[in-house]
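# Survey of secondary and tertiary structure
Chain residues, written in single-letter form:
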Amino acid sequence: MKLSRAYRSENKLLYQVMIVLNNIIKSKSNKMNKDVLISMESVYKYHYTDSMQTAALNGIDLKIKKGEFVSIMGPSGSGKSTLLNVIGMIDKMDKGSYYFDTNQINGLSQKERGNIRKGTMGFIFQSFNLIDELTTFENVELPLLYLKISKSERKERVEKALESLEMMHRRDHYPQQLSGGQQQRVAIARAIVVRPKLILADEPTGNLDSKNSEAVMRILQELHSPVDLCLHACVTSTCRDKTI
């Protein structure tokens, strides 16, 4: 049976419309995926003792877009640091799916996770984690040594980071010669010097007085615009776009 010309023409038009609609849907889906930096589904992390298994993360579902400033809220022992460590690829999750940008993280080896982490993430810790034997300049420079960046570029990046944190005048000082607030500024400079997509701050004001705490949170708030995301764990905070 031969189909009429009008019938064939109508179906051809319908087919073309379906292709256009499908391309629009794909385009929107790709845009949404590009906007998401962290995507987790049913993530579990267990801690083990001789006779007990404890779920530190119990089926976490999480999506965080690029450019967000996010607080993880909760009491001590609720899994805030564990979640940051899994997001930061320091710890390996036991079950679930985790995508960082376009990289699927679950299933990667420790070395593979480290290769992704070292050029895309900056870490800020409550206890600063500065190396006592290194000067301010050397502490900030340290992560760049692992990226095989030239000496001249390292110098430029470190000086720029220290200037942005108003710590250039302390470049030759050692950690024990700095106040708590100054040490945390050095730690922040070390985090941003790699030009990360993500800054992870684990209770960055926990060892500071109220004045220095406010200053550090203000710095983090200002920093999160040139990077994709600033994520920090805390007990209380008013500086955030989103709270988990």
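All of these numbers come straight from a predicted model, not from anything done at the bench. (Residues numbered from 1 in each chain as written. Predicted model: local features only at pLDDT ≥ 70, side-chain atom pairs only at ≥ 80, totals over all residues. Heavy atoms only, no water.)

### Concerning the confidence of the model for the chain
Per-residue pLDDT for the chain has a mean of 82; in total, 79% of the residues score no lower than 70. Here strand 8 (residues 229–234) is the element of the chain with the lowest mean pLDDT, 55, and helix 4 (residues 136–145) is the one with the highest, 96. Note that residues 27–32 has pLDDT below 50 and, in this model, zero contacts with residues that lie over four places away or in other chains. With pLDDT under 50 throughout, residues 234–239 is counted as low confidence; its partners more than four residues away or in other chains account for 18 contacts. (pLDDT = per-residue confidence, 0-100. Helix = DSSP H or I, 4+ residues; strand = E, 2+ residues; numbered from the N terminus. Contact = heavy atoms within 4.5 Å.)

### A look at the sheet that holds strand 2 (residues 53–65)
Read from one edge to the other, the open sheet built from four strands follows the order 2-1-4-5, with strand pairing classed as antiparallel. Looking along the sheet, the strands with just one partner apiece sit at the ends: strand 2 and strand 5 (103–104). Here strand 4 (residues 95–100) pairs with strand 5 via two bridges, running antiparallel. Across the sheet, Phe100 pairs through a bridge with Asn103, a residue of strand 5. (Pairing = 2+ DSSP bridges.)

### Here we look at the pattern of salt bridges
Tallying each qualifying case throughout the model produces eight salt bridges. For Lys155, the salt bridge is made with Glu159, and the minimal N-O distance between the two is 2.8 Å. Highlighted residues: Lys155 and Glu159, both in helix 5 (residues 151–164), separated by four residues, approximately one helical turn. Residue Glu159 is classed as buried on the basis of its relative accessible area, which comes to 17%. Arg171 is the partner of Glu159 in a salt bridge, and the nearest nitrogen-oxygen pair spans 3.2 Å. Here the residue Glu159 occupies a position in helix 5, and Arg171 occupies one in the loop between helix 5 and helix 6 (180–192), the gap between them amounting to twelve residues. Of the residues examined, Arg171 reaches a relative accessible area of 24% and is grouped as partly exposed. Taken together, the shared-partner salt bridges in this structure form one network comprising Lys155, Glu159, Arg171 and Asp172. (Salt bridge = Lys/Arg side-chain N within 4 Å of Asp/Glu carboxyl O. Buried < 20%, exposed > 50% of the residue type's maximum accessible area, 1.4 Å probe, protein only.)

### Notes on the packing of helix 4 against helix 5
Put simply, helix 4 and helix 5 touch, their axes get as near as 10 Å, and they point 125° apart. The orientation of helix 4 relative to helix 5 falls into the category oblique. Helix-helix and strand crossings are classified by hand; for helix 4 and helix 5 the assignment is right-handed. Taking contact as the criterion, the partners of Thr136, Phe137, Val140, Glu141, Leu144 and Leu145 in helix 4 are, on helix 5, Arg154, Lys155, Arg157, Val158, Glu159, Ala161 and Leu162. A per-class count over the contact of helix 4 with helix 5 returns seven nonpolar, one polar and five charged. (Axes fitted to C-alpha atoms, helices over the stretch in contact; angles between N-to-C directions. Parallel < 35°, antiparallel > 145°, perpendicular 65-115°, else oblique. Left-handed = near helix turned anticlockwise from the far one by under 90°. Nonpolar A, V, L, I, M, F, W, Y, C, P; charged D, E, K, R; others polar.)

### Some thoughts on the environment of Ser42
Turning to its location among the elements, Ser42 is positioned in strand 1 (residues 36–48). When neighbours within four sequence positions are excluded, Ser42 is seen to be in contact with Gly59, Ile60, Asp61, Lys95 and Gly96.

### Overview of the side chain of Glu68
Of note, Glu68 is situated in the loop between strand 2 and strand 3 (69–73). We classify Glu68 as buried; its relative accessible area is 16%. Of the polar contacts made by the side chain of Glu68, one reaches the backbone nitrogen of Lys65; its length is 2.9 Å. (Polar contact = N/O pair within 3.5 Å; in protein donor to acceptor, adjacent residues only side chain to side chain.)

### Observations concerning helix 3 (residues 110–120)
Residues that lie three or four places apart on an α-helix share one face, since the helix turns once every 3.6 residues. Here helix 3 has its buried residues at Arg113, Gly114, Ile116 and Thr120. Elements that come into contact with the buried residues of helix 3 comprise strand 4, strand 5, strand 6 (121–125) and strand 7 (198–202).

### Structural notes on the packing of aromatic side chains
Under the definition given, this model contains three aromatic pairs. Geometrically, the ring pair formed by Tyr46 and Tyr48 is tilted, given 6.3 Å between the ring centres and 55° between the ring planes. By relative accessible area, which is 54% here, Tyr48 ends up exposed. Every member of this aromatic cluster is reached through a ring pair, and the members are Tyr44, Tyr46 and Tyr48. Positioned above the aromatic ring of Tyr44, the side-chain terminus of Lys95 is 4.7 Å from the ring centre. (Phe/Tyr/Trp six-rings, centres within 6.5 Å; stacked < 30°, edge-to-face > 60°. Lys NZ or Arg CZ within 6 Å of the ring centre and 35° of its normal.)

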